[in-house]
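Here is how the chains run, residue by residue.
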Amino acid sequence: MIKELREKFNSTFDQANYEKFIHSLNTAYKYPVDFRVSETPLFLSNELTAHLQTACREIVAELQTKEFIDKSLNSVPKGADVPNGDDHPKFLQIDFALCKDEQEGIVPRLIELQGFPSLYCFQYLLNQKLKQYFPILSDLTCYFNNVDDQKYIGLLRETIVGDSDPENVILLEIEPENQKTRIDFAATEDLLGIRTVCLSKVIKRGKKLFYSENSKEIPVERIYNRVIFDELERKNLRFGFSFSDELDVEWVGHPNWFFRISKYSLPLLKSKYVPRCYYLNEIDQYPDDLSQFVLKPLFSFAGLGVDVDPDKKKLDAITDRSNYILQEKIEYAPLIKTPDEYSKVEIRMMFLWNNEPMLVNNLIRMSKGKMMGVDYNKNKTWVGSSAAYHQ
């Protein structure tokens, strides 16, 4: 995106240095990185940085309208409503494909959004390691709104720990030691001093929750919730409390926002940065250009259940139509020059939302395949996860 930086980075790239960088990431904590980290970050031009911020402002403004808030209540499935909801999510992720427009150059197009946490602490670690091993990044930043390393950790601590003792705050997950994002859990423990606790290890006594450490039961005041509900449903886990219980804890963020800001939101948004999108159960007639649409289940992560080539026969066969959307396909731009073919990029704009939604950081995923997932990028290089930097 910044031609001079791209040319300098590529011409000075050293494979041995990259391998040292990966080794440093893999040995920083008790868990290695269980996903591919790309050989390169992305260099954002001033123009694209401005486009991304404008797109975020428009979408966030829509998320705060009474019309959207009222409609989003319908997204929470029957029986999945968690008591004591709040007025807004604590975390917000807005995912954009980077595309080419003939008039405007490279522009963002909304792919998905989530009222749910992301890899906030891993991205902090990644930034530290990228700047250590790639000095070309020294005068650039991955943050927004005048955030730096120290302020970023302070904002995370304010959001997740609040006024509680870190001992009384847990990161809640399903079998966290087996999750691909486990390095983020380890980074969160180190940076914020909280514990990662498996859902099955939580103890309920009355309305209070506890976890056990060194044979001692420790009360839980705040839960940094990382439980993905479709995984919870797939695994049919047994645990000692119910999300629908009246509990004397504060959710960070509240589980209902997993549904309320999600793929369910896409047909409700009207910004110019949002492609056409429809609830499958509300379509009277399929679009004539059906080949230009993607079928997505409403509540799944990591690309599970996405069909990039839907046809009338497949759509007619779906019985739970209220759980799917049809979204207009987006053509990613060949963006990052690599030693062979160009890589395509998806960027996640990462917010913390205390009093106001605040854009703080980003992550990117690079692909040379049909989709962003690992299965579409086997045996490819200069693909995977990284961060975008700007001046």
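Residues numbered from 1 in each chain as written. Predicted model: local features only at pLDDT ≥ 70, side-chain atom pairs only at ≥ 80, totals over all residues. Heavy atoms only, no water.

Enquirer: So what about the layout of surface pockets? Which residues, and what values?
Expert: Each pocket or cavity is described by its volume, and for the second largest pocket that value is around 510 Å³. At the level of elements, helix 8 (229–235) and helix 9 (257–260) are the ones that each hand at least two residues to the lining of the second largest pocket. The element that contributes the greatest number of residues to the lining of the second largest pocket is helix 8, accounting for five residues. Taken together, the residues of the lining of the second largest pocket break down into 13 nonpolar, six polar and five charged. (1 Å grid on protein atoms, 1.4 Å probe; cavity = no way out; pocket = protein on both sides within 12 Å on 5 of 7 lines; lining within 4 Å. Points joined across faces, edges and corners; volume = space filled by probe spheres on them. Helix = DSSP H or I, 4+ residues; strand = E, 2+ residues; numbered from the N terminus. Nonpolar A, V, L, I, M, F, W, Y, C, P; charged D, E, K, R; others polar.)

Enquirer: Explain the state of the cysteines to me, and be specific about the residues and the numbers.
Expert: The full count for this structure, using the stated rule, is zero disulfides. Take Cys99: it sits in no disulfide, and the sulfur closest to it among the cysteines is that of Cys56, at 14 Å. Between Cys198, a cysteine without a disulfide, and Cys121, which holds the nearest cysteine sulfur, the sulfur-to-sulfur distance is 20 Å. Judged by relative accessible area, Cys198 falls into the buried class, the value being 12%. (Disulfide = S-S within 2.5 Å. Buried < 20%, exposed > 50% of the residue type's maximum accessible area, 1.4 Å probe, protein only.)

Enquirer: Account for the packing of aromatic side chains, naming residues and giving values.
Expert: Evaluated as defined, the whole model comprises 25 aromatic pairs. Considering the side-chain rings of Phe239 and Phe241, the 5.3 Å spacing of their centres and the 70° angle between planes classify their relative orientation as edge-to-face. Between Phe258 and Phe259, the ring centres sit 5.1 Å apart and the planes meet at 90°, which makes this aromatic pair edge-to-face. Phe259 sits in the buried class, given a relative accessible area of 5%. Sitting over the ring of Trp257, Arg260 keeps its end group 4.1 Å from the ring centre. (Phe/Tyr/Trp six-rings, centres within 6.5 Å; stacked < 30°, edge-to-face > 60°. Lys NZ or Arg CZ within 6 Å of the ring centre and 35° of its normal.)

Enquirer: A description of unusual backbone geometry should follow, citing residues and the corresponding values.
Expert: Here Val252 and Gly253 are connected by a cis peptide whose omega angle stands at -10°. As for its placement among the helices and strands, Gly253 is situated in the loop between strand 10 (250–252) and helix 9. For Asn146, which is not a glycine, the phi torsion comes out positive at approximately 60°. Here Asn146 is to be found in the loop between helix 5 (120–133) and helix 6 (149–160). Despite not being glycine, Asn214 shows a phi value in the positive range, around 55°. Mapping Asn214 onto the fold places it in the loop between strand 7 (208–213) and strand 8 (216–220). The exposure class of Asn214 is exposed, given its relative accessible area of 74%.

Enquirer: Tell me about the sheet that holds strand 12 (residues 293–297), residues and numbers included.
Expert: Spatially, three strands are ordered 11-13-12 in an open sheet, and the strand pairing comes out antiparallel. This sheet does not close on itself; its edge strands, each paired only once, are strand 11 (277–279) and strand 12. Neighbour-to-neighbour, the strand axes of the sheet open up by a mean angle of 20°, direction not taken into account. Alignment of strand 12 against strand 13 (residues 324–328), held across five bridges, turns out to be antiparallel. Along strand 13, the bridge assignment pairs Phe293 with Glu328. (Pairing = 2+ DSSP bridges. Axes fitted to C-alpha atoms, helices over the stretch in contact; angles between N-to-C directions.)

Enquirer: Account for the pairing of strand 12, naming residues and giving values.
Expert: A large share of strand 12 lies buried, amounting to five of its five residues. Judged by which residues are buried, strand 12 turns out to be covered on both faces: Phe293, Leu295 and Pro297 on one side and Val294 and Lys296 on the other are all buried.

Enquirer: So what about helix 3 (residues 46–63)? Which residues, and what values?
Expert: Between the first and last C-alpha of helix 3 there are 26 Å, a value that for 18 residues agrees with the 26 Å anticipated at 1.5 Å per step. Burial in helix 3 covers these residues: Leu48, Thr49, His51, Leu52, Ala55, Cys56, Ile59, Val60, Glu62 and Leu63. Considered in projection along helix 3, the buried side chains sweep an arc of 160° and stay on one side of the axis. Every exposed residue of helix 3 that faces more than 90 degrees away from the buried side is listed here: Glu47 and Arg57. Among the structural elements, helix 4 (66–72), strand 2 (91–101), strand 3 (105–114), strand 14 (344–353) and strand 15 (357–367) are those in contact with the buried residues of helix 3. (Expected span 1.5 Å × (residues − 1). Arc of directions from axis to C-beta. Contact = heavy atoms within 4.5 Å.)

Note that every value here comes from positions in space, so none of it alone points to a role or purpose.
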